[in-house]
Amino acid sequence: QVELEESGGGLVQAGDSLELSCKVSGRSRLTMGWLRQAPGRDRELVAAISGGGVNTRYADFVKGRFTISRVNDPDTVYLHMNNLKPEDTAVYYCAVGTEWFRSSQKGEFDYWGQGTQVTVSS
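Keep in mind that this is a model prediction, so the values were computed, not measured.

1. Some words on the pairing of strand E8 (residues 76-81)
Here strand E3 (residues 18-25) runs beside E8; their pairing, made up of six bridges, is antiparallel. In the sheet register, Ser-21 faces E8, and the bridge partner there is Tyr-78. With four bridges joining them, strand E7 (residues 66-69) and E8 adopt antiparallel strand pairing. Of the residues in E8, the one forming a bridge with Thr-67 is His-80. Counting the residues between successive antiparallel strands, the hairpin from E7 to E8 contains six residues, one of them, Asn-72, with a positive phi of roughly 70°.

Listed below in structure tokens is the structure:
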């Protein structure tokens, strides 16, 4: 059984930084990613990282501001978010995928966390 435990969401002001973390158990060294869903909008891929941590992919709207990483523990992924904007407000979901291409290019994942709320005030 695969379980994902997310943490780190909260309320911040525009320009602030925030870090999300996600620990996966039950499977190891798979593609991991962060997706988000704002009210009234479709869920969208934010960033993905390959099982070995070598490959990453970012949505254009976060390039240069967000960094996805898996350091030390290959089954924990972080999303460090800098210069947050009100439009980054959303529920952020951690996800695990068994195929890098499918997850990083299509945003298709196999296991999902419960989501953590990120709210950025202006």
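2. Comments concerning the nonpolar core
Taken as a class, soluble globular proteins show a tendency for nonpolar side chains to be buried jointly. Trp-34, Leu-79, Met-81 and Tyr-92 are the most contacted members of the largest nonpolar core, which totals 29 residues. Of all elements in the fold, only E3, strand E4 (31-37), strand E5 (44-49), E7, E8, strand E9 (90-97) and strand E11 (116-121) reach the threshold of two or more residues within this core. The residues contacting Met-81, other than those within four sequence positions of it, are Asp-16, Ser-17, Leu-18, Leu-20, Arg-65, Phe-66, Tyr-92 and Val-118. By size, the runner-up hydrophobic cluster in this structure holds five residues, among which are Leu-35, Ala-48, Ala-95 and Phe-109.

3. Description of the state of the cysteines
Tallied over the full model, the rule gives one disulfide. Across the disulfide from Cys-22 sits Cys-94; the S-S distance is 2.1 Å. Because the torsion about its S-S bond is -85°, the bridge between Cys-22 and Cys-94 counts as left-handed. Of the two residues, Cys-22 sits in strand E3 while Cys-94 sits in strand E9, which places them 72 residues apart along the sequence. Comparing Cys-22 with Cys-94, the two get one shared label, buried.

4. Quick look at the sheet that holds strand E1 (residues 3-7)
Spatially, four strands are ordered E1-E3-E8-E7 in an open sheet, and the strand pairing comes out antiparallel. Single-partner strands in this sheet number two, and they are E1 and E7. Between one strand axis and the next, the sheet turns through 15° on average, direction left out of account.

5. Some points on the packing of aromatic side chains
Counted according to the given criterion, the structure contains one aromatic pair. Aromatic side chains Phe-109 and Trp-112 sit 6.0 Å apart centroid to centroid with 70° between the ring planes, which places their arrangement in the edge-to-face category. In this structure Phe-109 comes out as buried when scored by relative accessible area, which is 8%. Taking the ring centre of Tyr-93 as reference, the NZ or CZ of Arg-43 above it sits at 5.1 Å.

6. A word on the pattern of salt bridges
Tallied over the entire structure, the rule returns eight salt bridges. In this structure, Glu-44 and Arg-36 form a salt bridge, with 2.9 Å as the shortest nitrogen-oxygen distance. Owing to a relative accessible area of 6%, Arg-36 belongs among the buried residues under this scheme. Of the charged contacts, one joins Asp-88 and Arg-65 as a salt bridge, the two residues approaching to 2.7 Å between their closest N and O atoms. With Asp-88 in the loop between E8 and E9 and Arg-65 in the loop between strand E6 (56-58) and E7, this pair connects stretches of sequence that are 23 residues apart. By relative accessible area, which is 10% here, Arg-65 ends up buried. Taken together, the shared-partner salt bridges connect Arg-36, Glu-44, Arg-65 and Asp-88 into one network.

Conventions and cut-offs
- Residues numbered from 1 in each chain as written.
- Predicted model: local features only at pLDDT ≥ 70, side-chain atom pairs only at ≥ 80, totals over all residues.
- Heavy atoms only, no water.
- Pairing = 2+ DSSP bridges.
- Helix = DSSP H or I, 4+ residues; strand = E, 2+ residues; numbered from the N terminus.
- Core = buried A, V, L, I, M, F, W, Y, C linked by side-chain atoms within 4.5 Å.
- Buried < 20%, exposed > 50% of the residue type's maximum accessible area, 1.4 Å probe, protein only.
- Contact = heavy atoms within 4.5 Å.
- Disulfide = S-S within 2.5 Å.
- Axes fitted to C-alpha atoms, helices over the stretch in contact; angles between N-to-C directions.
- Phe/Tyr/Trp six-rings, centres within 6.5 Å; stacked < 30°, edge-to-face > 60°.
- Lys NZ or Arg CZ within 6 Å of the ring centre and 35° of its normal.
- Salt bridge = Lys/Arg side-chain N within 4 Å of Asp/Glu carboxyl O.

None of this, on its own, says anything about what the molecule does.
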